[in-house]
Each structure stands twice: as structure tokens, then as C-alpha cells.
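Spelled out from the first residue to the last, the chains are:
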Amino acid sequence: MNDTAQDKPSEKRHNRTGRSPMLSMIFKNRQQISFAYAYLLEANYTEHEKDEWIMLNFGFATVQLGGRGIEGIYRDIVLHHADEVNEVDLADVSPNREGILKIIVERPKSETD
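From a predicted model like this one, the values you see are computed outputs, not experimental measurements.

Q: Outline the nonpolar core, supporting the account with residue identities and numerical values.
A: Of all hydrophobic cores here, the largest spans 21 residues; its most connected members are Met25, Leu56, Leu65, Ile77 and Val85. Mapped by element, the contributors of at least two residues to this core are strand S1 (22-26), strand S4 (51-57), strand S5 (62-68), helix H1 (71-78) and strand S7 (99-106). With 3 residues, the single largest contributor to this core is H1. Not counting chain neighbours up to four residues away, the residues in contact with methionine 25 comprise Gln31, Gln32, Ile33, Phe35, Leu56, Val63, Leu65, Val85 and Ile103.

Here you go:
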């Protein structure tokens, strides 16, 4: 029997494991930066009153993601299933929905700076 494109299960565009090789941060201004999951050394999720934060340590850079209802996003990141995270305005996040409201990328200053 010949398999047609419709008969084949859809595959993610990155690889057969279903895990993305990179995580892209997309800012409100549409600027993007991507980091290889291979360099993700540590991930933390914290909740403080109404704010939730995800901290990602890539060794050469730290990324902080602040938002609401983002525990599911954290889970997708630690499983390497998230392809991208998008920074949105508070007005775009309806009650009881997840949303990244702030993306902060910090790189340590080098000794030559």
C-alpha cells in the first residue's frame, strides 16, 4: 500500500522526538532571540501573589519570563516541547488564561566591558 501525505502522521518541523532544538523568545516589538535547549542548565518556576516567574539559566545568559498562569508554559519548556514564548500586553491576557507579560534577557558582563 502506498502512503500518501495525508496518511502519514504529522511530524513537528524540528525532529521526530517532538522536542524542539531551540526556544525562541518573541518580544512585543516582534524582535526575537533563540537559545539552544542543549545549553539549558536550570529552570525555576516561582509564584509571588499575582505574579509568576520562570527563570532559565543557559550558562552564558539568563532569561526571566514573567506573567500569569504560566505554569503550563514552564512544564512545556522543561520537557523541551515549547518552540517559542511570546510577550503580550496585559490587555491581551483574558482572566484564567496564560500569558507572558515580560521577557528579560541578561548576559553577564565580560571582563573587557
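Moving on from the coordinates now.
Q: Provide a residue-level description of the confidence of the model for the chain, including the pertinent values.
A: For the chain, the average pLDDT comes to 84, and 81% of its residues sit at 70 or higher. Strand S3 (residues 42-48) is the least confidently modelled element of the chain, averaging 95 in pLDDT, while strand S2 (residues 32-36) averages 97, the highest of any element.

Q: I'd like a description of the packing of aromatic side chains, backed by residues and values.
A: Each aromatic ring pair is specified by the distance between its two centres and by the angle formed by the two planes. Considering all chains together, one arrives at 4 aromatic pairs under this definition. Ring centres of phenylalanine 35 and phenylalanine 60 lie 5.9 Å apart, and the angle between their planes is 35 degrees; on these two criteria the pair is classed as tilted. Linking phenylalanine 35 in strand S2 with phenylalanine 60 in the loop between S4 and S5, this pair joins segments that are 25 residues apart in sequence. With 5.8 Å between their ring centres and 80 degrees between their planes, tyrosine 39 and phenylalanine 60 make a pair best called edge-to-face. Residue tyrosine 39 is found in the loop between S2 and S3, and its partner phenylalanine 60 is found in the loop between S4 and S5; the two are separated by 21 residues along the sequence. One aromatic cluster is present, formed by Phe35, Tyr39, Phe58 and Phe60 through successive ring pairs.

Q: Explain the sheet that holds S2 residue by residue, including any values.
A: The strands making up a sheet associate through backbone hydrogen bonding, with each pair oriented either parallel or antiparallel. Taken in spatial order, the 3 strands of this open sheet run S2-S1-S6, and their pairing is mixed. Among the strands making up the open sheet, the edge pair consists of S2 and strand S6 (84-86). Neighbour-to-neighbour, the strand axes of this sheet turn through a mean angle of 15 degrees, independent of strand direction. In the sheet, S1 pairs with S2 via 5 bridges, with the strands oriented antiparallel. Residue pairing across strands places methionine 25 opposite isoleucine 33, the latter belonging to S2.

Q: Explain the pattern of salt bridges residue by residue, including any values.
A: A side chain with one charge can pair with a side chain of the opposite charge if their charged atoms come near. Following the criterion strictly, the structure yields 1 salt bridge and no others. Lysine 28 is the salt-bridge partner of aspartate 89, the closest N and O atoms lying 3.2 Å from each other. Residue aspartate 89 is located in the loop between S6 and S7, and its partner lysine 28 is located in the loop between S1 and S2; the two are separated by 61 residues in the primary sequence. With a relative accessible area of 38%, aspartate 89 lands in the partly exposed category. With relative accessibility at 42%, the residue lysine 28 sits in the partly exposed group.

Cut-offs used in this document
- Every chain is numbered on its own, with residues counted from 1 as its sequence reads.
- Note on the predicted model: pLDDT of at least 70 is required for a residue's local features to be given, and 80 or more for side-chain atom pairs to be given and counted; whole-chain, interface and lining totals, by contrast, use all residues.
- Each side-chain value is derived from all of the structure's non-hydrogen atoms; neither hydrogens nor water enter the calculation.
- Among buried residues, the Ala, Val, Leu, Ile, Met, Phe, Trp, Tyr and Cys ones that are joined through side-chain atoms within 4.5 Å form a nonpolar core.
- Three exposure classes are used, based on accessible area relative to the maximum for each residue type with a 1.4 Å probe and protein chains only: buried under 20%, partly exposed in between, and exposed over 50%.
- Numbering of helices and strands runs from the N terminus, with a helix taken as a DSSP run of H or I at least four residues long and a strand as a DSSP run of E at least two residues long.
- The contact definition used throughout considers only heavy atoms, calling two residues in contact when any of these lie within 4.5 Å.
- Confidence of the prediction at every residue is given by pLDDT, a number between 0 and 100.
- Ring geometry is summarised as follows: Phe, Tyr and Trp rings, the Trp one being its six-membered ring, pair when their centres sit within 6.5 Å, and such pairs are stacked at plane angles under 30 degrees, edge-to-face over 60 and tilted between the two.
- Here, a strand pair is defined by DSSP locating no fewer than two bridges between the strands.
- Only the contacting stretch of a helix is used when fitting its axis, a line to C-alpha atoms as for every element, and angles between N-to-C directions run 0 to 180 degrees.
- By definition here, a salt bridge exists when the distance from a side-chain nitrogen of Lys or Arg to a carboxyl oxygen of Asp or Glu is within 4 Å.

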